[in-house]
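# Chains, contacts and geometry: an overview
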Amino acid sequence: MVGFYISDCVVASASFMENLEKVSLESKRLILQTISLEHTEDVFREFTSEITTFMYPKPAQSLSETEKIIREMILQRENHADLVLVILKKDGLEFLGICEVGAIDTQTPELGIWLKKSAHGHGFGREAINTLKDWVDKNLKYNYLSYPVDKRNIPSRKIAESLGGKVFREFQQINKSGDLLDEVEYRIYK
């Protein structure tokens, strides 16, 4: 998660910020709604070492650790810093993963997504991020959206590119599992 920077705050109205917890978005096949503790078991079960291969975080070791992480996500939403949404399949409300816009209180918010293994290859990631970006464009003032991704994560790179994202910089970092990530940061404009 990205930190909270009051001096960079660009979100327009208090009423908008109070309504972050009520954000619920729909697309053709998906519903995106704010994360809550009711999703703890789904996140714990699906956020695996295979899913996090190209990500900075590592999977939680227990349900209680997952609950702690979700509580932090909720606190970040309450502090108007990040908006984390669960991705549900409209037909049956099956949990598919999570998408987020972090650093919403800055001029360079960051998009992110992960899907459970069985949801890969169906276009859900692109659909979720497109839906989230539409919401961001209508509700946030920003210079550009950042979308960092490991170079080897081709499906995620294609999501950024489908939004017109262009590689701005390349960097390396060690993730929380101790593995080297070879990243590119896309910038996506309105």
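In this report, we go over the structure that sits alongside the text. (Residues numbered from 1 in each chain as written. Predicted model: local features only at pLDDT ≥ 70, side-chain atom pairs only at ≥ 80, totals over all residues. Heavy atoms only, no water.)

## Describing the packing of aromatic side chains
- Inspection of the entire model under this criterion finds three aromatic pairs.
- Ring centres 5.9 Å apart and planes at 55 degrees place the aromatic pair Tyr144 and Tyr189 in the tilted group. Taken together, the residues span a long stretch of sequence, with Tyr144 in the loop between α4 (124–139) and β6 (145–150) and Tyr189 in the segment after β8 (180–188) at a distance of 45 residues.
- Residue class for Tyr144 comes out buried when judged on its relative accessible area of 14%.
- Every member of this aromatic cluster is reached through a ring pair, and the members are Phe47, Phe95 and Trp114.
- Taking NZ or CZ as reference, Arg169 lies 4.2 Å from the ring centre of Phe171, over its face.
- Cation over ring: Arg187 sits above Phe168, and NZ or CZ is 3.2 Å from the ring centre. (Phe/Tyr/Trp six-rings, centres within 6.5 Å; stacked < 30°, edge-to-face > 60°. Helix = DSSP H or I, 4+ residues; strand = E, 2+ residues; numbered from the N terminus. Buried < 20%, exposed > 50% of the residue type's maximum accessible area, 1.4 Å probe, protein only. Lys NZ or Arg CZ within 6 Å of the ring centre and 35° of its normal.)

## Here we look at α4
- For α4, with 16 residues, the first-to-last C-alpha span of 23 Å sits near the 22 Å given by 1.5 Å per residue.
- Every buried residue of α4 is listed here: Phe124, Gly125, Glu127, Ala128, Ile129, Thr131, Leu132, Lys133, Trp135 and Val136. (Expected span 1.5 Å × (residues − 1).)

## With respect to helix α3 (residues 63–78)
- For α3, spanning 16 residues, the distance from its first C-alpha to its last is 22 Å, which sits close to the expected 22 Å at 1.5 Å a residue.
- When we look at burial in α3, the residues that qualify are Thr66, Ile70, Met73, Ile74, Gln76 and Arg77. Mapping the buried residues of α3 onto a view down its axis gives an arc of 160 degrees, with all of them on the same face. Exposed residues on α3 whose side chains face more than 90 degrees from its buried face are Ser64 and Lys68.
- For α3, the elements touching its buried residues are β2 (30–34), α2 (40–46) and β3 (83–89). (Arc of directions from axis to C-beta. Contact = heavy atoms within 4.5 Å.)

## Remarks on the packing of α4 against helix α5 (residues 154–162)
- Running from N to C, α4 and α5 point in directions that differ by 35 degrees, and their axes come no closer than 10 Å. The interaxial crossing formed by α4 with α5 has right-handed handedness. Contacts from Gly125, Arg126, Ile129 and Asn130 in α4 reach Lys158, Ile159 and Ser162 in α5.
- Residue composition of the contact of α4 with α5, grouped by class: two nonpolar, three polar and two charged. (Axes fitted to C-alpha atoms, helices over the stretch in contact; angles between N-to-C directions. Left-handed = near helix turned anticlockwise from the far one by under 90°. Nonpolar A, V, L, I, M, F, W, Y, C, P; charged D, E, K, R; others polar.)

## What to know about the pairing of β3
- The buried fraction of β3 is high, at six of seven residues.
- Examined bridge by bridge, β2 and β3 share five bridges and lie antiparallel to one another. Looking at the pairing, Leu32 lines up with Ile87 of β3.
- Examined bridge by bridge, β3 and strand β4 (residues 95–102) share six bridges and lie antiparallel to one another. Within β4, the residue paired with Val84 across the bridge is Glu100.
- What sits between β3 and β4 in their antiparallel hairpin is a turn of five residues, with Gly92 showing a positive phi close to 100 degrees. (Pairing = 2+ DSSP bridges.)

## Here's the deal with the environment of Leu75
- Mapped onto the fold, Leu75 is located in helix α3.
- Taking relative accessible area as the criterion, Leu75 reaches 38% and is therefore assigned partly exposed.
- Separated by 24 residues in the primary sequence, Leu75 and Ile51 place their C-alpha atoms 24 Å from one another.

## Topic: the side chain of Lys116
- Counting through the fold element by element, Lys116 comes out in the loop between β5 (110–115) and α4.
- Residue classification places Lys116 among the buried positions, given a relative accessible area of 8%.
- Among the polar contacts made by the side chain of Lys116, one reaches the side chain of Glu94 at a distance of 2.8 Å.
- Looking at Lys116, its side chain comes within polar contact range of the main-chain oxygen of Phe95, at 2.9 Å. (Polar contact = N/O pair within 3.5 Å; in protein donor to acceptor, adjacent residues only side chain to side chain.)

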